[in-house]
Amino acid sequence: DNIYYETTDKDEFLKQFGVNKHYDKVVSFAGKFTSFKGIDLLLKAAQLYEDEDTLTVLAGDGQLFDEMNKLAKELKLNNVIFIKNQPHEVLRKLYSIADVSLVPSRNEAFGLVVIEAMACGTPVIGTNSGGIPDIITEETGMLFEPENFEELAQKVKQILNKEVIFDHNYIAKN
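Residues numbered from 1 in each chain as written. Predicted model: local features only at pLDDT ≥ 70, side-chain atom pairs only at ≥ 80, totals over all residues. Heavy atoms only, no water.

Draft legend 1. Region of interest: the pairing of strand β5 (residues 124–127). Here three bridges tie strand β4 (residues 100–103) to β5, and the two strands are oriented parallel to one another. In the sheet register, V103 faces β5, and the bridge partner there is G126. Examined bridge by bridge, β5 and strand β6 (residues 141–144) share four bridges and lie parallel to one another. Its bridge partner lying in β6, I125 is registered against M142. (Pairing = 2+ DSSP bridges. Helix = DSSP H or I, 4+ residues; strand = E, 2+ residues; numbered from the N terminus.)

Draft legend 2. Here's a closer look at the nonpolar core. One finds L43 and Y49 to be the most contacted residues of the largest nonpolar core, which totals 58 residues. When residues in this core are grouped by element, the largest group, six residues, is from helix α2 (residues 39–49). Setting aside its immediate chain neighbours within four residues, Y49 contacts V27, L42, T54, T56, L102, A153, V156, K157 and L160. (Core = buried A, V, L, I, M, F, W, Y, C linked by side-chain atoms within 4.5 Å. Buried < 20%, exposed > 50% of the residue type's maximum accessible area, 1.4 Å probe, protein only. Contact = heavy atoms within 4.5 Å.)

Draft legend 3. Region of the structure containing the packing of α2 against helix α3 (residues 65–74). Closest axis-to-axis distance for the α2/α3 pair is 10 Å, and the angle between their directions is 15 degrees. Between α2 and α3, the angle falls in the class roughly parallel. Crossing handedness for the pair α2 and α3: right-handed. Contacts between α2 and α3 involve I39, D40 and L43 on the former and, on the latter, M68, L71 and A72. Here the residues of the contact of α2 with α3 sort into five nonpolar, no polar and one charged. (Axes fitted to C-alpha atoms, helices over the stretch in contact; angles between N-to-C directions. Parallel < 35°, antiparallel > 145°, perpendicular 65-115°, else oblique. Left-handed = near helix turned anticlockwise from the far one by under 90°. Nonpolar A, V, L, I, M, F, W, Y, C, P; charged D, E, K, R; others polar.)

Draft legend 4. Up close: the environment of L75. Among the structural elements, L75 can be located in the loop between α3 and β3 (80–82). L75 gets classed as buried once you look at its relative accessible area, which sits at 15%. Between the C-alpha atoms of L75 and L43, which are 32 residues apart in sequence, the distance is 7.8 Å. Other than its neighbours up to four places away in sequence, L75 contacts L43, K44 and Q47.

Draft legend 5. Highlighting α3. For α3, the set of buried residues is F65, M68, N69, L71 and A72. All buried residues of α3 lie within an arc of 160 degrees about the axis, which places them on one face of the element. The outward face of α3, more than 90 degrees from its buried face, is lined by the exposed residues D66, K70, K73 and E74. Buried residues along α3 sit against α2 and β3. Positive backbone phi, at 55 degrees, marks K76, one or two positions downstream of α3. (Arc of directions from axis to C-beta.)

Draft legend 6. Spotlight on helix α6 (residues 149–160). Across its twelve residues, α6 extends 16 Å between first and last C-alpha, which sits within 8% of the 16 Å expected from 1.5 Å per residue. Every buried residue of α6 is accounted for by E151, L152, A153, K155, V156, I159 and L160. Residues of α6 that are buried in the fold lie against β1 (25–30), α2, β2 (54–59), β4, β5 and β6. Count one or two residues on from α6 and you reach K162, which has phi positive near 60 degrees. (Expected span 1.5 Å × (residues − 1).)

Printed below as a string of structure tokens:
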């Protein structure tokens with residue numbers, strides 16, 4: 001049995017961050033707000049996949065935090081929240097309630113966040129560069145070409161709309 005995965009009530013979890021609405025689907029990101037993490041790509045993709053039932057939660061902080069908040073406003077994203085740095089237990093719950101976790105890094109030698117999300121049984125969509133393709137298999141997630149936020153959005157939609165189905169127990173065990 002996987003001790004990493006945590007059964008968490010989605011609505012209860014989100015309430016602590018001021019979200020009082022029920023969302024059917026959650027997309028997560030955790031990481032440092034620096035340019036190589038590709039958060040701008042994630043937000044541009046969110047503009048294409050976002051709908052009233054989908055919440056995107058970005059955990060982390062860094063030099064681009066204010067800039068990314070501003071970009072989210074410019075892109076008129078209504079269902080994106082920024083929750084700053086969170087302790088490990090909170091991130092574990094975030095991954096556990098997420099339908100998919102995104103790792104849109106421009107350059108990532110080793111994707112620790114990929115492994116953490118997968119340990120919670122969450123499929124990961126990551127960049128097809130650096131160390132990420134070594135970790136993500138077709139059973140555990142999807143890859144997209146660097147900088148291609150349209151492709152990222154398309155893959156998010158495929159998972160959220162259940163066009164591509166993942167076995168969460170399989171992901172957590174691998």
